[in-house]
Amino acid sequence: RTAWSGYRAAVRCTRDLHGDGRVAVLHTGWWGCGAFGGDRELMATLQLLAARLAGIARVVFHYGHDGGGHAWALEELWRRLALDRRAVTAVLQELAARGYRWGAGDGN
């Protein structure tokens, strides 16, 4: 909900400030995956899902020096979310069933 709310606000502000023809572009990265030890796949998936639901047209994901190996998987996921018409509840249930676990923080 938090990600969707912020992303939706960005979409609306972009349209309000620049007109209906402009689209919001989201720049993001590994939310909660450093100091909090979150699972990269889960956190990126939740961000992409929230962005898609909020109407974000394009996501620029900043991987950092050690995260580029996830690039193709995230790009494929973004395409899948665009085409997949399943209910949000079903997507969230699928994620919950994967049993993601929090890791250790990296001290940053």
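Whatever comes next refers back to the structure up there.
Treat the numbers as computed from the prediction; the structure is a model and nothing was measured.

Caption draft 1: Summary view of a nonpolar patch on the surface. There is a patch of nonpolar side chains on the surface, built from Trp 4, Leu 46, Leu 53, Val 88 and Leu 92 and spanning about 400 Å² of accessible area. Those elements giving two or more residues to the nonpolar patch turn out to be helix H2 (40-54) and helix H4 (88-97). Mapped onto the elements of the fold, Leu 92 is located in helix H4.

Caption draft 2: Expanded view of the packing of aromatic side chains. According to the stated counting rule, one finds 2 aromatic pairs in the structure shown. Taking 5.9 Å as the distance between ring centres and 45 degrees as the angle between the ring planes, the aromatic pair formed by Tyr 7 and Trp 31 counts as tilted. In this pair, Tyr 7 is assigned in helix H1 (residues 2-18) and Trp 31 in the loop between strand S1 (25-28) and H2, connecting sequence segments 24 residues apart. On the basis of relative accessible area, Tyr 7 is assigned to the buried category, the value being 5%.

Caption draft 3: The pattern of salt bridges, seen in detail. Under the counting rule described, the total for this entry stands at 2 salt bridges. When the shortest N-O distance is used, the salt bridge between Glu 41 and Arg 98 registers 2.9 Å. Taken together, the positions of Glu 41 in helix H2 and Arg 98 in the segment after H4 put the pair 57 residues apart, joining distant regions of the chain. By relative accessible area, which is 41% here, Glu 41 ends up partly exposed.

Caption draft 4: The arrangement of H1 in detail. Its 17 residues place the ends of H1 24 Å apart at the C-alpha level, agreeing with the 24 Å of an ideal helix rising 1.5 Å per residue. Of all the positions in H1, only Ala 3, Tyr 7, Val 11 and Thr 14 are classed as buried. Each buried residue of H1 sits inside an arc of 70 degrees when the element is viewed along its axis, so together they form one side. Along H1, exposed side chains directed more than 90 degrees from the buried face belong to Thr 2, Arg 12, Asp 16 and Leu 17. Looking at the buried side of H1, the elements it contacts are S1 and H2. Directly beyond the C-terminal end of H1, a positive phi value near 100 degrees is found at Gly 19.

Caption draft 5: Geometry of the pairing of S1. What you see with S1 is a clean split: Leu 26 and Thr 28 sit on the buried side and Val 25 and His 27 on the side with no burial. Judged from the 4 bridges that link them, S1 and strand S2 (residues 58-61) form a sheet pairing that is parallel. Along S2, the bridge assignment pairs Thr 28 with Phe 61. For the handedness criterion, the β-α-β arrangement of S1, H2 and S2 is classed as right-handed.

Quick notes on the rules
Residues numbered from 1 in each chain as written. Predicted model: local features only at pLDDT ≥ 70, side-chain atom pairs only at ≥ 80, totals over all residues. Heavy atoms only, no water. Patch = residues over 30% accessible without salt bridge, like charges linked within 9 Å, V, L, I, M, F, W, Y side chains within 5 Å. Areas by Shrake-Rupley, 256 points an atom, 1.4 Å probe, with all protein chains shown as cover. Salt bridge = Lys/Arg side-chain N within 4 Å of Asp/Glu carboxyl O. Helix = DSSP H or I, 4+ residues; strand = E, 2+ residues; numbered from the N terminus. Phe/Tyr/Trp six-rings, centres within 6.5 Å; stacked < 30°, edge-to-face > 60°. Buried < 20%, exposed > 50% of the residue type's maximum accessible area, 1.4 Å probe, protein only. Expected span 1.5 Å × (residues − 1). Arc of directions from axis to C-beta. Contact = heavy atoms within 4.5 Å. Pairing = 2+ DSSP bridges. Right-handed = clockwise from strand over helix to strand, strands pointing away.

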